[in-house]
Amino acid sequence: EALFLKRRSIRDFSKREVPRELIERVVEAASRAPMGIPPWEVGIVAFLGRDKVRELSGDVTGLYRGMLKLLGRPTVMKLLKPFVNKGTFARMQTFIIPLAEIITRAYGRGEDYLLYDAPAALLFHTSPYADAADAVIACTYAMLSAESLGLGSCMIGCLAPPLAHKPSLMRKYGIPEGHK
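The shown structure was predicted, so the numbers you read here are calculated from the model rather than taken from an experiment.

Asker: Tell me about the overall build of the protein, and name the residues and values.
Answerer: Helix and strand counts for the protein stand at 8 helices and 2 strands. Along the protein, helices and strands appear, N-terminal first, in the series α-α-β-α-α-α-β-α-α-α. For the protein, the C-alpha radius of gyration of 17 Å lies close to 16 Å, the compact-globule estimate for 180 residues. With the principal axes as the frame, the protein shows a C-alpha extent of 50 × 40 × 35 Å. A total of 180 residues make up the protein; the buried ones form 38% of that total. Accessible surface, the protein: about 10900 Å² in total, of which carbon and sulfur atoms supply 59%. Considering the protein, the positive charge centre built from 25 side chains and the negative charge centre built from 18 side chains are found 9 Å apart.

Written as structure tokens, this is what we have:
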């Protein structure tokens, strides 16, 4: 009960590196997560060390920068409006575009507002045959495990969507084709 009451999303990480053994224990706990619908096909890519995490953050920030070149223009958004549903359009205007602007501006100043200069990161992905919720459930198990080991964690949902639209980066990070 104390674990559930204590855990918070951390965005201010210690400068210490996370020992590989602790990451392995977190991944092991995540592998025991229950599944939504069989088969349980969740993969995890581990980014150990700030340099690897920064590389991932830089790659995804670059995707956001590219998106802003197109969608950051009011004329393009006006042209796009009739072709997307109302909710998606509103989300783009009020959340996605402002978030992309914040992330890219901060990155330009040397600040990582995407992965918060974390000392390690885990990227969860599922096969096209698995329930998408399985990755979220596994990630939740990983976060609880991390907390029990004295590690801070934070679930970042804005990394996966742009990454999913860039097959070359998916390959770079060892995510099989078709996985989300």
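Asker: Quick one: what's the story with the nonpolar core, residue by residue and with numbers?
Answerer: Counting residues in hydrophobic clusters, the biggest one holds 30 residues, and the most contacted among them are Phe47, Tyr64, Leu114, Leu159 and Leu163. For this core, the elements supplying multiple residues, two or more each, are β1 (42-48), α3 (50-71), α4 (74-80), α5 (86-108), β2 (120-126) and α8 (167-172). Excluding residues that lie within four positions of it along the chain, tyrosine 64 makes contacts with Leu99, Ala100, Ile103, Thr104, Leu114, Cys158 and Pro162. Grouped together as the second largest cluster of nonpolar side chains are 16 residues, Ala30, Cys139, Ala142 and Ala146 included.

Parameters at a glance
- Residues numbered from 1 in each chain as written.
- Predicted model: local features only at pLDDT ≥ 70, side-chain atom pairs only at ≥ 80, totals over all residues.
- Heavy atoms only, no water.
- Helix = DSSP H or I, 4+ residues; strand = E, 2+ residues; numbered from the N terminus.
- Rg over C-alpha atoms; globule rule 2.2 N^0.38 Å.
- Buried < 20%, exposed > 50% of the residue type's maximum accessible area, 1.4 Å probe, protein only.
- Areas by Shrake-Rupley, 256 points an atom, 1.4 Å probe, with all protein chains shown as cover.
- Lys, Arg positive; Asp, Glu negative; His and termini not counted.
- Charge placed at Lys NZ, Arg CZ, Asp CG, Glu CD.
- Core = buried A, V, L, I, M, F, W, Y, C linked by side-chain atoms within 4.5 Å.
- Contact = heavy atoms within 4.5 Å.

So yeah, pure geometry; function would need other evidence.
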